[in-house]
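Examination of the molecular architecture
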Amino acid sequence: MRGGTVALAGLALVLVTACSPTPGLADAEQYLDLSDDPMAASNIELVTVDGEPWNFTDVAQDRLTLLFFGYTSCPDVCPMTMAEIDLALESAGEVAEDFDVVMVSSDPDRDTDEQLRSWLDRFDPAFQGVRGDIDATVQAARDYGIPIEAPQESEGEYLVSHGGRIVVLTPDGAAAGMFDEGVEADRIAELLPALTEELL
């Protein structure tokens, strides 16, 4: 009889665990939840690779935007970050339709419209590329708490900085959260449903 009671108790525990909701954004690993106090949209104006004026309040009104500051000649972090975003969206199913991806170049002198468009196409042609004056770009990044600097030449080397975090923008361009630098696709994908549920 005691064995039956233990078995029933174990079954109850399994059912409770299976029915428990997934952790909210505030409890997620590798994600900084700012939804209670989002960072206001930057008012910096930039330009898309298609030559259209663009600012951070021009993000889609019915979707969330994953924003990254990087550059196309980056040897590691930038291509890895974009690849992880692409993989996360591919594995997320229908919820991926609720997200846009925008990369702002932190090396706009070398990242021409054609170069940035071609580089992004390697990941997903739907990813948007944006460029602008480097001083404006640095300010926009800092508006979202991303510390980048203008490219510098030092001892024959051309040094470019980039952001490490992926910023989650709401339809008004405010930053409601950030994924940590180096976050992997599975961590991004598992949070996408919660992001749409809580932020859209």
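Everything in this summary refers to the structure shown in the same document. (Residues numbered from 1 in each chain as written. Predicted model: local features only at pLDDT ≥ 70, side-chain atom pairs only at ≥ 80, totals over all residues. Heavy atoms only, no water.)

1. Here we look at the packing of helix 2 (residues 77-91) against helix 5 (residues 185-199)
Helix-helix packing is described using two parameters, namely the angle between the two axes and the distance between the axes. For clarity, the cut-off: Fitting a line to C-alpha atoms yields each axis, with helices limited to the stretch in contact; the angle taken between N-to-C directions then spans 0 to 180 degrees. Each helix corresponds to a stretch of at least 4 residues labelled H or I by DSSP, and each strand to a stretch of at least 2 residues labelled E; elements are numbered beginning at the N terminus. Throughout, the term roughly parallel applies to angles under 35 degrees, roughly antiparallel to angles over 145, roughly perpendicular to angles from 65 to 115, and oblique to all others. For any helix crossing, the convention is left-handed if the near helix is rotated counterclockwise from the far helix by under a right angle, and right-handed if that rotation is clockwise. Any pair of residues with heavy atoms lying within 4.5 Å of one another is described as a contacting pair. All amino acids are sorted into three groups, where Ala, Val, Leu, Ile, Met, Phe, Trp, Tyr, Cys and Pro are nonpolar, Asp, Glu, Lys and Arg are charged, and the leftover types, Gly among them, are polar.
Packing of helix 2 against helix 5 brings their axes to within 8 Å, and their N-to-C directions diverge by 45°. In terms of axis orientation, helix 2 runs oblique to helix 5. The element helix 2 and its partner helix 5 pack so that their crossing is right-handed. Packed against helix 2, whose contacting residues are Glu84, Ile85, Leu87, Ala88, Leu89 and Ser91, the element helix 5 presents Ala185, Ile188, Ala189 and Leu192 at the interface. Broken down by class, the residue content of the contact of helix 2 with helix 5 amounts to eight nonpolar, one polar and one charged.

2. Describing the sheet that holds strand 9 (residues 166-169)
Strands belonging to one sheet form pairs held by backbone hydrogen bonds; the direction of such a pair is parallel or antiparallel. Heads up, the rule is: Paired strands, as defined in this entry, are two strands with at least two bridges between them according to DSSP.
Pairing within the open sheet is mixed, and its eight strands lie in the order 1-10-9-4-5-6-2-3. Strands at the two margins of the open sheet, each flanked by one partner only, are strand 1 (31-33) and strand 3 (53-55). Strand-to-strand twist across the sheet, computed as the mean angle between neighbouring axes with direction ignored, equals 35°. Pairing of strand 1 with strand 10 (residues 175-179), which is carried by three bridges, proceeds in the antiparallel orientation. Of the residues in strand 10, the one forming a bridge with tyrosine 31 is phenylalanine 179. Along the sheet, helix 3 (residues 113-121) makes contact with strand 2 (45-48), strand 5 (99-105) and strand 6 (128-131), crossing strand 6 at roughly 150°.

3. A closer look at the nonpolar core
Among soluble globular proteins, nonpolar side chains are generally buried collectively. Selection rule: The set of buried Ala, Val, Leu, Ile, Met, Phe, Trp, Tyr and Cys residues whose side-chain atoms join them within 4.5 Å is what this entry labels a nonpolar core. Any residue under 20% of the maximum accessible area for its type is buried, any over 50% is exposed, and the rest in between are partly exposed; the area is computed with a 1.4 Å probe on protein chains only.
By size, the foremost hydrophobic cluster in this structure holds 40 residues, and its most contacted members are Met82, Ile85, Phe179 and Leu195. If you list the elements that add at least two residues to this core, you get strand 4 (64-70), helix 2, strand 5, helix 3, strand 9, strand 10 and helix 5. Looking at which element gives the most residues to this core, the answer is helix 5, with eight residues. Ignoring sequence-local partners within four residues, the contact set of methionine 82 consists of Phe68, Val101, Met103, Trp119, Leu120, Phe123 and Phe127.

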